[in-house]
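Okay, here's what each chain looks like letter by letter:
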Amino acid sequence: MEQNVWFVIGTQHLYGAETLRQVEHHARQVMDGLNQAGTLPVPLVLKPLVKSPDEALALCREANHDNSCVGIITWLHTFSPAKMWIGGLSILNKPLLQFHTQFNAEIPWDSMDMDFMNLNQTAHGGREFGFIGARMGLQHNVVTGHWQDKTSQQRISRWINAAMAKQASQQLKVARFGDNMREVAVTEGDKVAAQIQFGYSVNGWGVGDLVEVVNNVSEGDVHALVDEYESQYLFSEAAAVNGEKRQNVLDAARIELGLKRFLDDEAVKPLPPTSRLCTV
């Protein structure tokens, strides 16, 4: 499932079909520019213009139930009455970023007219949206700056990485073998509070359950993993073939393979392929 971020444009019916067509055209240019900049970890996806309370509510409901959506970026290209956003924003549980940008890098002082003013109202619509975010006490981010500016693009990229991390943590399952060390405060914790606050589930298994899986790892798989180690790391003489610590390397590889298989079998989210498992 490919992850993405929704690019949502707030406007209203007041301006007529031609202005809304231009709003969508500009939104697509901004989205394509951000996607092609090469800084975003996942692509932006343009959603239909939000022009009414019902559309805002429907969009936020859809985002909540779309697992590929890691967050929403809003841009208020025109004025968008913020009262119409209350219903949607009050139920939104995905990360939210307001991108306060203008389509034009410079203001065309010599040619702008009322049509231009109606279309390019981020200075007005953005503040209206910002007001409702503050009034509702929403936990959200705001990025200011032109959409072609590298600093703005990098700030959006950092926010997307944080949004992806939040989604991953909410789907995370953590396995604790042998559970807590007796009477040691730093290893204790409230698992229920952790799941309520962060979304991930922490459960305990007996060490014996893991030992059985580790013991069933084949010698061939162990040596294949050690070969991978040796292709990526410089081994000391003690850890090399026939070294006095070589068995430690083989045991570590066996434990890593056992841990991965245990996590897969128990439907616990495994570490990324590039990570090395650490055991104590």
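Because the structure is predicted, anything quoted here is derived from the model rather than measured.

Looking now at the overall build of the protein. In terms of regular secondary structure, the protein is built from ten helices and seven strands. A compact globule built from 280 residues would reach a C-alpha radius of gyration of about 19 Å, whereas the protein, at 26 Å, exceeds it by more than 25%. Considered along the principal axes of its C-alpha atoms, the protein spans approximately 80 × 40 × 30 Å. The burial tally for the protein puts 38% of its 280 residues in the buried class. For the protein, the proportion of contacts with a sequence separation of at least 24, taken over those separated by at least 6, is 78%. Looking at the protein as shown, the accessible area adds up to about 16,100 Å², and 52% of this sits on carbon and sulfur atoms. In the protein, which carries 24 positive and 32 negative side-chain charges, the distance between the mean positions of the two groups comes to 5 Å.

Most of strand β3 (residues 69-75) sits inside the fold, with seven of its seven residues counted as buried. As judged from the five bridges shared by strand β1 (residues 4-9) and β3, these two strands associate in the parallel manner. In the strand pairing of β3, Asn4 is matched with Cys69. Pairing analysis gives three bridges linking β3 to strand β4 (residues 96-100), with the strands arranged parallel. Opposite Ile72, over in β4, you have Leu96 as the bridge partner.

This next bit is on unusual backbone geometry. For Asn242, which is not glycine, the phi dihedral falls at a positive 70°. The topology assignment puts Asn242 in the loop between α9 (219-232) and α10 (246-265).

Within the element layout of this structure, Thr101 appears in the loop between β4 and α4 (114-119). A polar atom in the side chain of Thr101 sits 3.1 Å from the backbone nitrogen of Trp147.

The next subject is the nonpolar core. Ranked by internal contacts, the top residues of the largest apolar core, which has 26 residues, are Phe7, Leu44 and Ile73. Elements supplying a minimum of two residues to this core: β1, α1 (17-36), β2 (44-46), β3, β4 and α6 (150-170). In terms of residue count, the dominant contributor to this core is α1 (six residues). Here Leu44 is in contact with Val5, Phe7, Met31, Leu34, Asn35, Ile73 and Ile160, once residues within four sequence places are set aside. Counting 18 residues, the second-largest nonpolar core is a separate cluster that includes Leu59, Cys60, Met84 and Trp85.

Let us now look at the packing of aromatic side chains. A complete count under the given rule lists six aromatic pairs for this structure. These aromatic residues form a ring-pair network of at least three members: Phe177, Trp205 and Phe262. A cation sits over an aromatic face here: Lys47 above Trp6, 4.1 Å from the ring centre.

Before going further, it helps to spend a moment on helix α8 (residues 207-215). Those residues of α8 lying buried are Leu210, Val213 and Val214. Projected onto a plane normal to the axis of α8, the buried residues spread over an arc of 100° and lie on a single side. Opposite its buried face, α8 presents the exposed residues Gly208, Glu212 and Asn215, each directed more than 90 degrees away. Close packing links the buried residues of α8 with β6 (173-177) and α10.

A word on the confidence of the model for the protein. Predicted coordinates in areas of low pLDDT are best not read in detail. Per-residue confidence for the protein averages 90 on the pLDDT scale, and 94% of its residues sit at or above 70. Segment residues 270-280: pLDDT under 50, and 17 contacts once partners within four positions in sequence are set aside and those in other chains are kept.

So, on to helix α5 (residues 122-135). For α5, which comprises 14 residues, the first-to-last C-alpha distance of 19 Å matches the rise-based estimate of 20 Å (1.5 Å per residue) to within 8%. When we look at burial in α5, the residues that qualify are Thr122, Gly125, Gly126, Phe129, Ile132 and Gly133. One side of α5 holds all its buried residues, which, seen down the axis, span an arc of 125°. In α5, the exposed residues that point more than 90 degrees away from the buried face are Arg127, Ala134 and Arg135. Of the residues one or two after α5, Gly137 is the one with positive phi, at around 65°.

Side chains of Asp209, Glu212, Asp264, Asp265 and Glu266 sit close together on the surface and give a patch of like negative charge. Looking at the negative patch, the elements that each hand over two or more residues are α8 and α10. Of note, Glu212 is situated in helix α8. Using a relative accessible area of 55% as the deciding quantity, one classes Glu212 as exposed.

How each quantity is defined
Residues numbered from 1 in each chain as written. Predicted model: local features only at pLDDT ≥ 70, side-chain atom pairs only at ≥ 80, totals over all residues. Heavy atoms only, no water. Helix = DSSP H or I, 4+ residues; strand = E, 2+ residues; numbered from the N terminus. Rg over C-alpha atoms; globule rule 2.2 N^0.38 Å. Buried < 20%, exposed > 50% of the residue type's maximum accessible area, 1.4 Å probe, protein only. Contact = heavy atoms within 4.5 Å. Areas by Shrake-Rupley, 256 points an atom, 1.4 Å probe, with all protein chains shown as cover. Lys, Arg positive; Asp, Glu negative; His and termini not counted. Charge placed at Lys NZ, Arg CZ, Asp CG, Glu CD. Pairing = 2+ DSSP bridges. Polar contact = N/O pair within 3.5 Å; in protein donor to acceptor, adjacent residues only side chain to side chain. Core = buried A, V, L, I, M, F, W, Y, C linked by side-chain atoms within 4.5 Å. Phe/Tyr/Trp six-rings, centres within 6.5 Å; stacked < 30°, edge-to-face > 60°. Lys NZ or Arg CZ within 6 Å of the ring centre and 35° of its normal. Arc of directions from axis to C-beta. pLDDT = per-residue confidence, 0-100. Expected span 1.5 Å × (residues − 1). Patch = residues over 30% accessible without salt bridge, like charges linked within 9 Å, V, L, I, M, F, W, Y side chains within 5 Å. Salt bridge = Lys/Arg side-chain N within 4 Å of Asp/Glu carboxyl O.

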